[in-house]
Amino acid sequence: MAIAFGSRKASAGLPVPAALRSKRRREAARTLAFLSPWLIGFGFFFVYPLVSTVYFSFTSYDGFTAPEFTGLKNWSYVFNDYPFFWQGLRNTLWLVVVMVSLRVAFGLGIGMLITKVKTGTGLFRTFFYLPYLAPPVAATMAFAFLLNPGTGPVNQLLGDLGLPTPGWFTDPTWSKPALTMLAMWGIGDLMVIFMAALLDVPREQYEAAELDGAGPFHRFRYVTLPNISPIIMFAVVTGVIQTMQYYTQAIVAGKVASGVIGGSGQQFEPGYPQGSTWTLPQMVYNLGFQRFDTGSACVIALILFVISMAFTSILLRRKSGFMASED
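Parameters at a glance
- Residues numbered from 1 in each chain as written.
- Predicted model: local features only at pLDDT ≥ 70, side-chain atom pairs only at ≥ 80, totals over all residues.
- Heavy atoms only, no water.
- Helix = DSSP H or I, 4+ residues; strand = E, 2+ residues; numbered from the N terminus.
- Buried < 20%, exposed > 50% of the residue type's maximum accessible area, 1.4 Å probe, protein only.
- Contact = heavy atoms within 4.5 Å.
- Areas by Shrake-Rupley, 256 points an atom, 1.4 Å probe, with all protein chains shown as cover.
- Phe/Tyr/Trp six-rings, centres within 6.5 Å; stacked < 30°, edge-to-face > 60°.
- Lys NZ or Arg CZ within 6 Å of the ring centre and 35° of its normal.
- Patch = residues over 30% accessible without salt bridge, like charges linked within 9 Å, V, L, I, M, F, W, Y side chains within 5 Å.
- Salt bridge = Lys/Arg side-chain N within 4 Å of Asp/Glu carboxyl O.
- Lys, Arg positive; Asp, Glu negative; His and termini not counted.
- Charge placed at Lys NZ, Arg CZ, Asp CG, Glu CD.
- Axes fitted to C-alpha atoms, helices over the stretch in contact; angles between N-to-C directions.
- Parallel < 35°, antiparallel > 145°, perpendicular 65-115°, else oblique.
- Left-handed = near helix turned anticlockwise from the far one by under 90°.
- pLDDT = per-residue confidence, 0-100.

Give a detailed account of the overall build of the protein chain, specifying residues and quantitative values.
Looking only at helices and strands, the protein chain features 14 helices and two strands. Burial analysis of the protein chain (327 residues in total) assigns 34% to the buried set. Sequence-distant contacts in the protein chain: of pairs separated by 6 or more residues, those separated by 24 or more amount to 68%. In the form shown here, the protein chain has an accessible surface area of approximately 19,900 Å², with 66% of it arising from carbon and sulfur atoms.

Can you explain the packing of aromatic side chains? Please cite residues and give values.
Under the criterion given, the structure shown has 20 aromatic pairs. Arranged with centres 5.4 Å apart and planes meeting at 55°, the rings of Tyr-55 and Phe-56 form a pair that is tilted. Its relative accessible area of 43% is what places Tyr-55 among the partly exposed residues. Ring centres 6.4 Å apart and planes at 15° place the aromatic pair Trp-75 and Phe-79 in the stacked group. Here the residue Trp-75 and the residue Phe-79 both occupy positions in helix α3 (residues 73–81), the gap between them amounting to four residues, near one helical turn. A relative accessible area of 21% means that Trp-75 is categorised as partly exposed. With a relative accessible area of 31%, Phe-79 lands in the partly exposed category. A connected cluster of aromatic rings, assembled from ring pairs, spans Phe-58, Trp-75, Phe-79, Phe-85 and Trp-86. Here Lys-116 stacks its cationic end above the ring of Tyr-206, 5.9 Å away from the centre of that ring.

Can you tell me about a nonpolar patch on the surface, naming the residues and giving the values?
A surface patch of nonpolar side chains, about 980 Å² in accessible area, is lined by Leu-32, Leu-35, Trp-38, Leu-39, Phe-42, Phe-46, Val-47, Val-51, Phe-305, Val-306 and Met-309. For the nonpolar patch, the elements supplying multiple residues, two or more each, are α2 (16–56) and α14 (294–317). A per-element tally of the nonpolar patch places α2 first, with eight residues. Note on placement: Met-309 falls in helix α14. Take Met-309: its relative accessible area is 43%, and that puts it in the partly exposed class.

Describe the environment of Trp-278, with residues and values.
Secondary-structure assignment places Trp-278 in the loop between α12 (248–258) and α13 (280–290). A relative accessible area of 1% places Trp-278 in the buried class. Each residue touching Trp-278, except ones within four places of it in the same chain, is listed here: Tyr-82, Phe-84, Gly-88, Asn-91, Pro-270, Gly-271, Met-283 and Asn-286.

Just give me the short version of a positive patch on the surface, but keep the residues and values in it.
On the surface, a cluster of positive charge is contributed by Arg-21, Lys-23, Arg-24, Arg-25, Arg-26 and Arg-30. Secondary-structure assignment places Arg-21 in helix α2.

So, the pattern of salt bridges: which residues are in play, and what are the values?
Inspection of every chain in the model, using the stated rule, returns one salt bridge. For the salt bridge of Arg-103 with Asp-189, the shortest nitrogen-to-oxygen distance reads 3.2 Å. A residue pair is termed long-range when its members are at least 10 positions apart, and Arg-103 in helix α4 (residues 85–116) and Asp-189 in helix α9 (residues 188–199) qualify at 86 residues. In this structure Arg-103 comes out as buried when scored by relative accessible area, which is 14%.

Tell me about unusual backbone geometry, and please be specific about residues and values.
Of note, the bond from Tyr-272 into Pro-273 is cis; its omega dihedral lies within 30 degrees of zero at 0°. Despite not being glycine, Trp-168 shows a phi value in the positive range, around 55°. You can see Trp-168 is positioned in the loop between α7 (153–160) and α8 (175–185). You can call Trp-168 buried: its relative accessible area is 6%. Its identity as a non-glycine residue notwithstanding, Gln-274 has a phi of 55°, on the positive side. When its relative accessible area of 59% is taken as the criterion, Gln-274 is described as exposed.

If you had to explain the packing of α13 against α14 to someone new, which residues and values would you point to?
Where α13 contacts α14, the two axes come as close as 7 Å, and the packing angle between them is 165°. Taken together, α13 and α14 sit at an angle that is classed as roughly antiparallel. With respect to the hand of their crossing, α13 and α14 are arranged in left-handed fashion. Residues Leu-280, Pro-281, Met-283, Val-284, Leu-287 and Gly-288 of α13 pack against Thr-294, Ser-296, Ala-297, Ile-300, Ala-301, Leu-304 and Ile-307 of α14.

Quick one: what's the story with the confidence of the model for the protein chain, residue by residue and with numbers?
Averaged over the protein chain, the pLDDT score is 87; the fraction of residues at 70 or greater is 90%. This model gives residues 1–12 a pLDDT under 50, and the stretch forms zero contacts once residues within four places in sequence are excluded.

Pasting the structure below:
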């Protein structure tokens, strides 16, 4: 029996460790084959653009002639000489903190309200979701008309009620709050997400909390919030990333409020009024496509990337404040 067993082992051809290595190589090759579409897309559409952006940020490049290495010249220009950078950075961070916070809170509140409605739920859900479907340019132009300080119906109503009538998009103090109101008007996407999460909370937990004498606030704090915390985290992270790319509404609102709504040859001051709606994405366009200073535009693009990653990392590191405990 021992001789027969030895002969079978010898006839196998490969030692056992070599056979295991061969099997693992085949499994790795099969895994890479399945991952190859994603890896190719990730390389072409993320890694290559990111590496190119880093390279161009150290060069003098106008998009037409060959880039010329200039070291830290573009970085020094953006931080020290570009007159709009720090104001645009403050505006962008203001929008991230205020707009994202209010959108999440308002979307959650509307979602909770609609889930409590007994009749007409579909009507209310449609009513609040429809504004989200409006194209950003059309929605911004409509808001600029409604909030026009001279002829808009909002200020006329406020004046009839004896309340202050802000300048909205023509007043640097009120321009960012007006953009925040526009963002909250199109809250339908977050409302639907939060409604789905709220309806998925087990009813048994609410019933147990009621039996223990928990009031509405404590039921929300100890039942609702832990169950929907992953959705809140998702809404905050995606909201930060979207707001860091905030461009269309700010530029359209500034153009409409300043009277420059189209046509070649018209002069427009970006960030109208008084730079209060400048955002970092606008600066990328201004430097890269209006001034043909691609190197400086790449610097601001990298700053946007770093800030977005920093916000996301902080939120994910503090996920214990959002995520339910697994104990």
